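# Residue-level structural notes
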Amino acid sequence: MQFKKETYSSKAAEFIKNLIRSGELLPGQPVRESLISEKLNISRAPIREALLLLAQQGLICSEPQKGKFVRSMSAQEIYDSYVVAGILEGAGVAQSVHLWTKKEEEAFLEVVRRLDEQVNYAVSLDTLTEIDEAFHSALLSACSNAHLAHLAHSSSSSLAKFLYYNYWRTLYTPQEFRERHHVVAEAVLGRDGQRIESVLRQHYEDVGLRLSELVHER
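The model shown is predicted, which means the values in this text are computed figures rather than measured ones.

## A short note on the overall build of the protein
Tallying secondary structure elements over the protein gives 11 helices and two strands in all. Listed by position from the N terminus, the elements making up the protein come as α-α-α-β-β-α-α-α-α-α-α-α-α. Principal-axis analysis of the C-alpha atoms gives the protein an extent of 55 × 40 × 35 Å. The buried share among the 218 residues of the protein stands at 43%. Taking all contacts inside the protein whose residues are at least 6 apart in sequence as the whole, residues at least 24 apart take part in 76%.

Written as structure tokens, this is what we have:
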């Protein structure tokens, strides 16, 4: 695999992230610079830069005299991260849903329609994952508090989802996935802020509980 010189570190970082997401590199496993260097046919210097970048993103951690490892999260950390995500997103949506225009509502309804259509075709859960991201992005599309929206989008639940993607994608059947998102959609379209916050908190808390139990029962 050959890269332009100026992109070595960024391409190496993307390569390592793909290994983590695919499950080839599991949480807690060491990241061997020599193996990455051999696979990519590049020197170790850009790989070290890539690992520093991934450490800043929370995906890689290091221990003195032991090396670098894919980050792992305890059951409590996974659960807590989803609880926080639900609080943040719930607050952001409850505060901004009254700002939705016909444009935001139609865009949101289109995501819901796509979800229904894909489930009916027994689509893969990887595709449902993409719809999930579009669904939650649409929920915050009118949020005027950019800092809150950023925190909601980048909360540590996203880190848990990435690290344990092969677990996350098996938490629900496509039908369960659709039903859960319809509950959120109904609350949002009802424009009741208190109801929206409650439903979104429960939505995320349930994921956190299931994922934490699934990851740590093995």
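Past the structure itself, the notes keep going.
## Details of unusual backbone geometry
The backbone of Asn41 sits at a positive phi, close to 60 degrees, despite the residue not being glycine. In this structure, Arg191 is a non-glycine residue whose phi angle is positive, near 65 degrees. With respect to the helices and strands, Arg191 occurs in the loop between α10 (174-189) and α11 (193-216).

## Quick notes on the side chain of Ser37
Among the secondary structure elements, Ser37 is positioned in helix α2 (residues 33-40). On the basis of relative accessibility, which here comes to 16%, the residue Ser37 falls in the buried class. A polar atom in the side chain of Ser37 sits 2.4 Å from the backbone oxygen of Ile42. The residues touching Ser37, leaving out its near neighbours within four places in the chain, are Ile42, Ser43, Arg44 and Ile47.

## Things to note about the packing of α10 against α11
Running from amino to carboxyl end, α10 crosses α11 at an angle of 160 degrees, the nearest separation of the two axes being 8 Å. Judged by the angle between their axes, α10 and α11 are roughly antiparallel. Handedness of the α10/α11 crossing: left-handed. Taken together, the residues of α11 that come into contact with α10 (itself represented by Glu176, Arg180, His181, Val183, Val184, Ala187 and Val188) are Arg195, Ile196, Val199, Leu200, His203, Asp206, Val207 and Arg210. When its residues are assigned to classes, the contact of α10 with α11 shows eight nonpolar, two polar and five charged.

## A word on the pattern of salt bridges
Scanning the model with the defined rule gives 10 salt bridges in all. The partner of Glu63 in a salt bridge is Lys66, and the shortest N-O contact between them spans 3.6 Å. What makes Lys66 exposed here is its relative accessible area of 59%. The shortest N-O distance in the salt bridge between Glu106 and Lys102 comes to 3.8 Å. Placement of the pair is Glu106 and Lys102 together in helix α5 (residues 102-120), with a separation of four residues, close to one helical turn. Each of Asp132, Glu133 and Lys161 takes part in salt bridges that share partners, so that together they form one network.

## Quick word on helix α3 (residues 44-56)
Over its 13 residues, α3 extends 19 Å from the first C-alpha to the last, a length consistent with the 18 Å expected when each residue adds 1.5 Å. Within the sequence span of α3, burial applies to Pro46, Ile47, Ala50, Leu51 and Leu54. Angular distribution of buried residues about the axis of α3 spans 145 degrees; they occupy a single face of the element. In α3, the exposed positions angled more than 90 degrees off the buried face are occupied by Leu52 and Gln56. Check the buried side of α3 and you find it contacts α1 (8-22), α2, β1 (60-63) and β2 (67-70). Positive backbone phi, approximately 90 degrees, marks Gly58, located one or two places after α3.

Scoring rules and cut-offs
- Residues numbered from 1 in each chain as written.
- Predicted model: local features only at pLDDT ≥ 70, side-chain atom pairs only at ≥ 80, totals over all residues.
- Heavy atoms only, no water.
- Helix = DSSP H or I, 4+ residues; strand = E, 2+ residues; numbered from the N terminus.
- Buried < 20%, exposed > 50% of the residue type's maximum accessible area, 1.4 Å probe, protein only.
- Contact = heavy atoms within 4.5 Å.
- Polar contact = N/O pair within 3.5 Å; in protein donor to acceptor, adjacent residues only side chain to side chain.
- Axes fitted to C-alpha atoms, helices over the stretch in contact; angles between N-to-C directions.
- Parallel < 35°, antiparallel > 145°, perpendicular 65-115°, else oblique.
- Left-handed = near helix turned anticlockwise from the far one by under 90°.
- Nonpolar A, V, L, I, M, F, W, Y, C, P; charged D, E, K, R; others polar.
- Salt bridge = Lys/Arg side-chain N within 4 Å of Asp/Glu carboxyl O.
- Expected span 1.5 Å × (residues − 1).
- Arc of directions from axis to C-beta.

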